[in-house]
Amino acid sequence: MKILVINCGSSSIKYELVNLKKSEVIVRGIIEKIGIDVKSHEVGLEIILDRLMQPLKLSAVGHRVVHGGEKFSKAVLIDEKIIKSIRSHFELAPLHNPPNLMGIEAAKKLLPDIPQVAVFDTAFHQTMPSCAYLYALPYRFYEQYGIRRYGFHGTSHKYVALEASRILKKPLKKLKLITCHLGNGCSLAAIKDGKSIDTSMGFTPLEGLVMGTRCGDIDPAIVFYLMDKEGLDAEQISELLNKKSGLLGLSDISSDMRDILRAANKDNPRAKTTLELFIYRLKKYIGAYIAAMNGIDALIFTAGIGENAEIIRQRIKTGLSYLLKDARILVIPTNEELMIAQETAEIICK
Ligand code: ADP
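Worth saying up front: this structure is predicted, and the values here are computed from it rather than measured.

Description of the sheet that holds strand 8 (residues 186-192)
- If you trace the five strands from one edge of the open sheet to the other, you get 9-8-7-10-11, paired in mixed fashion. Each edge of the open sheet is held by one strand with a lone partner, namely strand 9 (195-199) and strand 11 (328-331). Pairwise comparison of adjacent strand axes, ignoring direction, gives a mean angle of 25 degrees for this sheet.
- Alignment of strand 7 (residues 176-182) against strand 8, held across seven bridges, turns out to be antiparallel. Bridged to histidine 181 within strand 8 is serine 187.

See the structure below:
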């Protein structure tokens, strides 16, 4: 069974053709500069299908969709109703859902006879209890605007949790896991009895850990204080917190952890402070999630930083030696595309 997995950003389309029988990627690639060198997402997809040498026996296309709100707790077969629903979530993910939908519409047009499935980044975290997903704001904002914590990177957290259960030879339902997805965006999930019971990203991917350019948790009062002091409007403050903060803002060196580690190694004081803060916040979150689950069987690291930065894993191991004394520490490369392909297959085989 061959599944084409598509991840559409505003200016790029990442794709993978997956042979599910062998759980292997046949070909992967990226089309960049959409809107500059490539006219549209549709043209981008045409190039991809050319590269894949049509006619190709595709069983389905699996689309990554960032925000499914409260409506989607698992993958779904795309029809007009689903498209409407994805569109209704534009406001919740203005940077992601619109290009995701452009990809879906292009694929529907170019491959009208192939089933299309949407796999949502938020779906895995829909099992969180209300004490984890609600904010202590007037309740009507939750009811009126859906202001609550959703969490992201769900496909990645789910994939590495399933892999961990395979490696540990124990059913997921009997494990307490903390999965750390540390890439450009960073998030943790507390997974108890196979369910995500808490995760560090919230209403948007801005909450939680320190990330490449996102600030993670801050006192919300800083927002209006800075708006006043620097004369910033809502869009500018959002840009500041999303694109100019995190590792980049704090270090003034780079948003890339490799650059921070290199500079810290050369005793650059700002790089050292940035690294310390990153590790300290991560450590506190892991401790909090051990408390949330009343225990931990395994701590799992994944994504660019999680898979490669041995020094950070080591610091967590020693810094949390008491809490982690009975826990396995695993490094598991994430494979969101394979997870999307598997979920897509499950839907079309139903
Ligand atoms: P994305 O979230 O864009 O998929 P990745 O999972 O590729 O990102 O992670 C990117 C992050 O991983 C960057 O901060 C990068 O510096 C970091 N990274 C990649 N390789 C290494 C390495 N060898 N050591 C430390 N950090 C690394």
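From this point, things continue past the structure.
Considering the state of the cysteines
- Counted under the stated rule, the structure contains zero disulfides.
- Looking at cysteine 180, it has no disulfide partner, and the nearest cysteine sulfur is the one in cysteine 186, 9.6 Å off.
- Using a relative accessible area of 1% as the deciding quantity, one classes cysteine 186 as buried.

Digging into the pattern of salt bridges
- Taken as a whole, this structure holds 16 salt bridges when the rule is applied.
- Across the pair arginine 166 and glutamate 163 runs a salt bridge whose closest N-O atoms are separated by 2.7 Å. Taken together, the residues span about one helical turn, with arginine 166 and glutamate 163 both in helix 6 (residues 154-168) at a distance of three residues.
- Judged by its relative accessible area of 55%, arginine 166 is exposed.
- Relative accessible area serves as the criterion here: at 17%, glutamate 163 is assigned to the buried category.

Quick look at the site of the ligand
- Close to the ligand lie Gly183, Asn184, Gly185, Asp256, Met257, Arg258, Leu261, Ala303, Gly304, Ile305, Asn308 and Ala309, which account for all nearby residues.
- In the environment of the ligand, an oxygen atom lies 3.1 Å from a nitrogen or oxygen atom belonging to the backbone of arginine 258.
- The backbone of isoleucine 305 places a nitrogen or oxygen atom 3.2 Å from an oxygen atom of the ligand.
- For the ligand, the protein covers 68% of the area, taking 580 Å² as the surface of the free molecule.
- Mapped onto the shell around the ligand, the elements with two or more residues apiece are helix 10 (257-265) and helix 12 (303-308).
- Considered class by class, the residues forming the shell around the ligand number five nonpolar, five polar and two charged.

Brief notes about the packing of helix 7 (residues 221-230) against helix 8 (residues 234-243)
- Between helix 7 and helix 8, the shortest axis-to-axis distance is 10 Å and the interhelical angle comes to 120 degrees. In this view, helix 7 runs oblique relative to helix 8, as classed from their interaxial angle. Where helix 7 crosses over helix 8, the two elements pack in a sense that is right-handed. Contact residues: Val223, Leu226 and Met227 in helix 7; Ala234, Ile237, Leu240 and Leu241 in helix 8.
- Here the contact of helix 7 with helix 8 is composed, by residue class, of seven nonpolar, no polar and no charged.

Details of the sheet that holds strand 5 (residues 76-77)
- If you trace the six strands from one edge of the open sheet to the other, you get 3-2-1-4-6-5, paired in mixed fashion. Looking at which strands have only one partner, the edges of the open sheet turn out to be strand 3 (24-31) and strand 5.
- Alignment of strand 1 (residues 2-8) against strand 2 (residues 13-19), held across seven bridges, turns out to be antiparallel. Across the sheet, the residue bridging to cysteine 8 is isoleucine 13, located in strand 2.
- Across the sheet, helix 3 (residues 97-110) is in contact with strand 1, strand 4 (60-65) and strand 6 (116-120); its angle to strand 4 comes to roughly 170 degrees.

Some words on the environment of isoleucine 253
- Here isoleucine 253 shows up in the loop between helix 9 (246-251) and helix 10.
- The exposure class assigned to isoleucine 253 is partly exposed, which follows from its relative accessible area of 35%.

Conventions used here
Residues numbered from 1 in each chain as written. Predicted model: local features only at pLDDT ≥ 70, side-chain atom pairs only at ≥ 80, totals over all residues. Heavy atoms only, no water. Pairing = 2+ DSSP bridges. Helix = DSSP H or I, 4+ residues; strand = E, 2+ residues; numbered from the N terminus. Axes fitted to C-alpha atoms, helices over the stretch in contact; angles between N-to-C directions. Disulfide = S-S within 2.5 Å. Buried < 20%, exposed > 50% of the residue type's maximum accessible area, 1.4 Å probe, protein only. Salt bridge = Lys/Arg side-chain N within 4 Å of Asp/Glu carboxyl O. Near = heavy atom within 4 Å. Polar contact = N/O pair within 3.5 Å; in protein donor to acceptor, adjacent residues only side chain to side chain. Areas by Shrake-Rupley, 256 points an atom, 1.4 Å probe, with all protein chains shown as cover. Nonpolar A, V, L, I, M, F, W, Y, C, P; charged D, E, K, R; others polar. Parallel < 35°, antiparallel > 145°, perpendicular 65-115°, else oblique. Left-handed = near helix turned anticlockwise from the far one by under 90°. Contact = heavy atoms within 4.5 Å.

Nothing here speaks to function; it is all geometry.
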